[in-house]
Amino acid sequence: KTGWDVLDIRRSEEGQAYGVVAVPSGSSYHLVTSHVLGPRGMMFDSEAWLEEVESKIPDKETKIVIGCAGGVRSKAAARVLEAAGYVNVQELDDGFNGWAASGFP
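The numbers attached to residues start from 1 for each chain and follow its sequence in the written order. Under the rules for a predicted model, residues below a pLDDT of 70 receive no local features and side-chain atom pairs below 80 are neither given nor counted, while totals for whole chains, interfaces and linings still include all residues. Side-chain metrics in this entry use all non-hydrogen atoms of the structure; hydrogen atoms and water are not considered.

(A) Spatial organisation of the pattern of salt bridges. The working definition used for a salt bridge is a side-chain nitrogen of Lys or Arg within 4 Å of a carboxyl oxygen of Asp or Glu. A full pass over the atoms with the stated rule returns four salt bridges. We note a salt bridge from E91 to K75, for which the minimum N-O separation is 3.3 Å. Within this pair, whereas E91 is found in strand 6 (residues 88-91), its partner K75 is found in helix 3 (residues 73-83), the two being separated by 16 residues in sequence. Between K75 and D93 there is a salt bridge, with its nearest N and O atoms 3.8 Å apart. You can see K75 sitting in helix 3 and its partner D93 sitting in the loop between strand 6 and helix 4 (95-101), a full 18 residues away along the chain. Here's how the labels work: a residue is buried when its accessible area is under 20% of the maximum for its type, exposed when over 50%, partly exposed in between, all with a 1.4 Å probe on protein chains only. A relative accessible area of 33% means that K75 is categorised as partly exposed. On the accessibility criterion, D93 (52% relative accessible area) is exposed. Counted as one network, the salt bridges with shared partners bring together K75, E91 and D93. Strands here mean DSSP runs of E at least two residues long; helices mean DSSP runs of H or I at least four residues long; both are numbered from the N terminus.

Here's what the structure looks like:
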């Protein structure tokens, strides 16, 4: 595989409302929601989330671009990936909304 795996951690309704980024040839797209609405607001079960990511992206040398809507949740998720041994993680500072606002597909 030559491209990057795009790891979208937004909730599915966010992706439906704002769209999904264009993924270049040779890359893969994965939707693995990180933060879910709980009784006291947004919650991040990092262990359960990491298990799901590892089932979709088992090779820890895979090049991963991780993003959420605005770049806040993806920072926490990127730290979890790096702590688990993923070595090629790039986080979208401004999220997918910033990506789209910059004119990227």
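(B) Region of the structure containing the nonpolar core. Residues enter a nonpolar core if they are buried and are Ala, Val, Leu, Ile, Met, Phe, Trp, Tyr or Cys, with the set joined through side-chain atoms within 4.5 Å. In terms of nonpolar packing, the biggest core is built from 17 residues, with L7, W49, V53, I66, L81 and Y86 touching the most fellow members. The set of elements that each furnish at least two residues to this core consists of helix 2 (46-56), strand 5 (63-67) and helix 3. Of all the elements, helix 3 adds the most residues to this core, at four residues. Should any heavy atoms of two residues lie within 4.5 Å, those residues are counted as being in contact. Here Y86 is in contact with L50, V53, E54, I57, P58, D59, K60, I64 and L81, once residues within four sequence places are set aside.

(C) A look at the sheet that holds strand 6. Spatially, 2-1-5-6 is the arrangement adopted by the four strands of the open sheet, whose pairing is parallel. The open sheet has two edge strands with one neighbour each: strand 2 (28-31) and strand 6. Direction aside, the axes of adjacent strands within the sheet are offset by 25° on average. Note that strand 5 and strand 6 share four bridges and pair parallel. Strands pair, by our definition, only if DSSP identifies at least two bridges between them. Axis lines are fitted through C-alpha atoms, for helices just across the contact stretch, and the angle between N-to-C directions can take any value from 0 to 180 degrees.

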